[in-house]
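# Topology and contacts: notes
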Amino acid sequence: VYMGLASDWLGETSVAKRCLERAMSIFPIGKMDPITELHVAKLMVRCGQINEAQTVFETVWSAWGRERDQVQLALYPELLPLALALFEATQEDRYHHAAEEIGDWYVAEQNTDGSFPFAPRSTEVPYIRGTGKILEVLACMPERYRESLERGLSYVSRFQYTEANSFHIPLAQQMEFLGGFRHDM
């Protein structure tokens with residue numbers, strides 16, 4: 001899916017379409033987790049399969065609406081960029097409003113330290129990967145979510161390997177880790 005999106009971005013539409021076909025053969029819609037289906041649907045939009053992408057969006061949007069008080073937060077953030085892609089493709093305001101609703105919900109779930117919980121009102125320790133995924137999609141609307149992004153990036157940066165905090169990594173491997181992140185703490 002990522003190769004297809006990158007291929008489309010590079011203007012290689014035929015490669016993007018082949019990647020979509022391959023993804024659909026491996027990950028049939030309706031049998032995947034939400035985040036994977038949403039990634040495939042983004043590629044559908046890029047390949048001109050708007051109706052199919054709308055169907056995926058509506059299905060996942062409905063599930064998110066029913067389950068949002070108990071979902072794993074990192075499974076649904078891709079709703080936001082898909083909604084924006086569908087808005088761009090169709091100019092239907094409902095998709096832009098959906099993107100804002102999704103983003104606003106995520107911001108409301110953000111912890112005061114900038115992290116995002118595993119699930120709504122979860123007392124579990126937040127994890128970097130989920131926080132990073134949510135920040136990635138909020139960055140699709142940087143003006144609207146600037147404050148949330150700044151808090152989140154401040155939180156994530158505390159887990160980035162630097163020379164000062166990588167003393168426990170063998171010296172021979174330290175350069176491979178610098179700049180990377182400790183995830184899932």
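For the structure itself, consult the block above.
Anyway, here's the lowdown on the structure attached to this text. (Residues numbered from 1 in each chain as written. Predicted model: local features only at pLDDT ≥ 70, side-chain atom pairs only at ≥ 80, totals over all residues. Heavy atoms only, no water.)

## Some words on the nonpolar core
For clarity, the threshold we go by: Among buried residues, those of type Ala, Val, Leu, Ile, Met, Phe, Trp, Tyr and Cys that are joined through side-chain atoms within 4.5 Å constitute a nonpolar core. Buried means the residue's accessible area, taken with a 1.4 Å probe over protein chains only, is under 20% of the maximum for its type, while exposed means over 50%, and partly exposed covers the values in between. Think of it this way: any DSSP run of H or I at least four residues long counts as a helix, any run of E at least two long counts as a strand, and we number them from the N terminus. In this description, contact between two residues means that some pair of their heavy atoms is separated by no more than 4.5 Å.
Among the nonpolar cores identified, the biggest contains 49 residues, and Phe 57, Tyr 76, Leu 79, Leu 80, Leu 86, Tyr 106 and Leu 138 are the most heavily contacted of them. Ranked by residue count, the leading element in this core is helix H5 (residues 79–90), at eight residues. The contact partners of Tyr 76, leaving out residues within four places of it in the chain, are Pro 34, Leu 38, Val 60, Ala 63, Trp 64, Glu 67, Val 71 and Tyr 106.

## A short note on the pattern of salt bridges
Two side chains bearing opposite charge may form a pair once their charged atoms approach each other closely. For clarity, the threshold we go by: The salt bridge definition used is simple: a Lys or Arg side-chain nitrogen within 4 Å of an Asp or Glu carboxyl oxygen.
Under the definition given, this model contains ten salt bridges. A salt bridge links Glu 101 to Arg 68; the shortest N-O distance between them is 3.0 Å. In this pair, Glu 101 sits in helix H6 (residues 93–109) while Arg 68 sits in the loop between helix H4 (50–67) and H5, placing the two residues 33 residues apart along the sequence. In this structure Glu 101 comes out as partly exposed when scored by relative accessible area, which is 34%. For Arg 146, the salt bridge identified is with Glu 150, shortest N-O distance 3.3 Å. With Arg 146 and Glu 150 both in helix H8 (residues 146–157), this residue pair falls four residues apart, about one helical turn. Since its relative accessible area comes to 48%, Glu 150 is described here as partly exposed. Through salt bridges with shared partners, a single ionic network connects Lys 42, Glu 78, Lys 133 and Glu 136.

## Some points on the environment of Glu 124
Secondary-structure assignment places Glu 124 in the loop between H6 and helix H7 (128–138). Taking the C-alpha atoms as reference points, Glu 124 and Leu 5, 119 residues apart in sequence, are found 34 Å from one another.

## Concerning the side chain of Ser 148
To keep it simple, the criterion reads: Polar contacts, as counted here, are pairs of nitrogen or oxygen atoms within 3.5 Å of one another; within protein the pair requires one atom able to donate a hydrogen and one able to accept it, and residues that are adjacent in sequence qualify only if both atoms are side-chain atoms.
In this structure, Ser 148 sits in helix H8. Looking at Ser 148, its side chain comes within polar contact range of the side chain of Gln 110, at 2.6 Å. Those residues within four positions of Ser 148 in sequence are excluded, and the remaining contacts are Val 107, Gln 110, Phe 116, Leu 135 and Leu 138.

## As for H5
Applicable threshold: In this analysis, the expected span of each helix is defined as 1.5 Å times one less than the number of residues it contains.
Under the 1.5 Å per step criterion, the end-to-end length of H5 is 16 Å for twelve residues, consistent within 8% with the ideal 16 Å. Along H5, nine of the twelve residues are buried, which leaves the element largely enclosed by surrounding structure. Buried within H5 we find Leu 79, Leu 80, Pro 81, Leu 82, Ala 83, Leu 84, Ala 85, Leu 86 and Phe 87. Packed against the buried residues of H5 are helix H3 (34–46), H4, H6 and H7. Just beyond H5, the residue with positive phi is Gln 91, at close to 60 degrees.

## Concerning unusual backbone geometry
One non-glycine residue, Gln 91, lies in positive phi territory at about 60 degrees. With a phi close to 55 degrees, Arg 121 is a non-glycine residue in the positive phi region. Looking at the element boundaries, Arg 121 is found in the loop between H6 and H7. Overall, the relative accessible area of 59% leaves Arg 121 in the exposed class.

## Remarks on the packing of aromatic side chains
Spelled out, the test is: Here is the rule: rings of Phe, Tyr and Trp (six-membered ring for Trp) pair when centre to centre is within 6.5 Å. Planes less than 30 degrees apart are stacked, more than 60 are edge-to-face, and the remainder are tilted. The rule is short: NZ of Lys or CZ of Arg within 6 Å of the ring centre and within 35 degrees of the ring normal puts a charge over the ring.
As enumerated under the stated definition, the model contains seven aromatic pairs in all. Here the aromatic rings of Phe 57 and Tyr 95 are separated by 5.4 Å at their centres, their planes lie at 75 degrees, and the arrangement is edge-to-face. Of this pair, Phe 57 sits in helix H4 while Tyr 95 sits in helix H6, placing them 38 residues apart in sequence. The class for Phe 57 is buried, based on a relative accessible area of 2%. Tyr 95 gets classed as buried once you look at its relative accessible area, which sits at 0%. A ring pair is formed by Tyr 161 and Phe 177, whose centres lie 5.7 Å apart and whose planes are at 85 degrees; its orientation type is edge-to-face. Placement of Tyr 161 in the loop between H8 and helix H9 (171–177) and of Phe 177 in helix H9 is noted, with a sequence separation of 16 residues between them. On the basis of relative accessibility, which here comes to 35%, the residue Phe 177 falls in the partly exposed class. Among the aromatic side chains, those forming a connected cluster through ring pairs are Phe 57, Trp 61, Trp 64, Tyr 95, Trp 105 and Tyr 106. It is Arg 68 that lies over the ring of Trp 64; its NZ or CZ is 4.0 Å from the centre.

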